[in-house]
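Summary of the model geometry
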Amino acid sequence: MPIVNRIADFHQELAAWRHEIHAHPETAFEELGTAEFVARRLQEFGISVYRGLAGTGVIGTLAGARPGGRAIALRADMDALPIQERNGFDYASQNPGKMHACGHDGHTVMLLGAARYLAETRNFAGTVHFIFQPAEENEGGGRVMVREGLFEKFPVEAVFGMHNWPGMPAGKFALRAGPMMASYDIFEITVKGKGAHAALPHLGVDPVIAAAQIAMGLQTITSRNTSPLDSAVVSVTQIHGGDTWNVIPDEVVLRGTTRSFKSELQDAIEAAIRRIAEGVAAAMGAGVALRYERRYPPTVNSAAESDVAAAIASEVVGEANVDRDVTPTMGAEDFAFMLQAKPGAYVFIGNGPSNGAGLHNPHYDFNDEILPIGASYWARLVERLLAKGP
Ligand code: NI
């Protein structure tokens, strides 16, 4: 059974909504216009709307035509990125420095498409909650929603998420049970030396050299401290220090990110960063201050819900087009917080060829051809999971 016919009927309307949202991108926790757009559509469909969770979050709640006590949630993210769009099409971003470069415009519309169809047909028993969350990028809107009582206000037995994947053909899905995306932590190391004239280095403590040694030392964490069978990344992404040619500065700041699939590894990596930074600095007579922040946990799919998600995806696009054992990525996703709270599954939907413009690229665009595919997946997931009444 392929795309839902009724959803295919309003494909052009979905594309128009997507363009509307694409042209007016809003970044973390400022998704006021997008939230308004989403709430209006849901109300037009006759779906009850709850607003204000995590600021701009919107939750639509729909009961099936048949009685049932079960409930599930489907989640889409609404936020854009602080990127200047380089696309020239007529629905390109009208907000300077902001862009839907991760396809959250498409995610929002695929879920709206499913909501419209399900509100028309209500061919299920129980309740579905449509979660439209803010601030997926960096700021953890998913964490805020969970903290503000998402699943106490809207109790569910499982929660499902979806992200487009450029480079994967349109009409394909991919997922895996277990870890699918990595944890995302950040660190900042301030190396404290003693400033001096560059011609008289013996009178100071050089934080530039200490910082360089620390940056190299951090490279040994994944080669010497974590198991070769565990995936982990430690990337130093910034080094800031000094203002001119002939002055050894007082301080240098290193920043970076770490990724892994296990919370024990997050602990081990944090401890190793501290040991190396403090030890190397001490060896050179310098001091350090370390800030290590856990941003997102790993995104881990539960086994039963992954099976269900794969079966539904197979219904929509055919068994051969569903990869049930996709290679995990070291990217991160704040849907992880919802999966920590509830069982569920996160799937990738193929966005077609990336043509060198992958996610977060100023030339990226969501592929309108997959709107009815994603919407059909959501719709069938509800109809199958909530097929039976009490
Ligand atoms: Ni994204």
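Report follows, based on the coordinates.

Conventions adopted
- Residues numbered from 1 in each chain as written.
- Predicted model: local features only at pLDDT ≥ 70, side-chain atom pairs only at ≥ 80, totals over all residues.
- Heavy atoms only, no water.
- Donors = N, O, S within 2.8 Å, 3.2 Å for Na, K, Ca; no water.
- Helix = DSSP H or I, 4+ residues; strand = E, 2+ residues; numbered from the N terminus.
- Buried < 20%, exposed > 50% of the residue type's maximum accessible area, 1.4 Å probe, protein only.
- Pairing = 2+ DSSP bridges.
- Axes fitted to C-alpha atoms, helices over the stretch in contact; angles between N-to-C directions.
- Contact = heavy atoms within 4.5 Å.
- Polar contact = N/O pair within 3.5 Å; in protein donor to acceptor, adjacent residues only side chain to side chain.

Once that is clear, we can look at the coordination of the nickel ion. Taken together, the protein ligands of the nickel ion are Cys102 (SG), His104 (NE2) and His163 (NE2), with distances of 2.1 to 2.2 Å. In primary sequence terms, the donor set of the nickel ion follows C-x1-H-x58-H. Of the two residues, His104 is situated in helix 4 (residues 104–121) and His163 in strand 5 (residues 158–165); the sequence distance between them amounts to 59 residues. Each member of the pair, His104 as well as His163, is classed as buried.

Our focus in this paragraph is the sheet that holds strand 13 (residues 287–296). Sheets are built from strands paired through backbone hydrogen bonds, the pairs being either parallel or antiparallel. If you walk across this open sheet you meet the four strands as 10-12-8-13, and the pairing is antiparallel. In this open sheet, the two strands that pair with only one neighbour each are strand 10 (232–241) and strand 13. Across the sheet, the mean angle from the axis of one strand to that of its neighbour is 15°, orientation sign disregarded. Direction of pairing for strand 10 relative to strand 12 (residues 251–260): antiparallel, over a ladder of nine bridges. In the sheet register, Ser235 faces strand 12, and the bridge partner there is Thr257. Here helix 9 (residues 263–283) sits on the sheet and contacts strand 8 (184–192), strand 10, strand 12 and strand 13; the angle it forms with strand 13, its principal contact strand, is near 165°.

Before going further, it helps to spend a moment on the side chain of His104. You can call His104 buried: its relative accessible area is 0%. A distance of 3.0 Å separates a polar atom in the side chain of His104 from the backbone oxygen of Asp79. What His104 contacts, discounting residues up to four positions off in sequence, is Asp77, Met78, Asp79, Glu136, Glu137 and His163.

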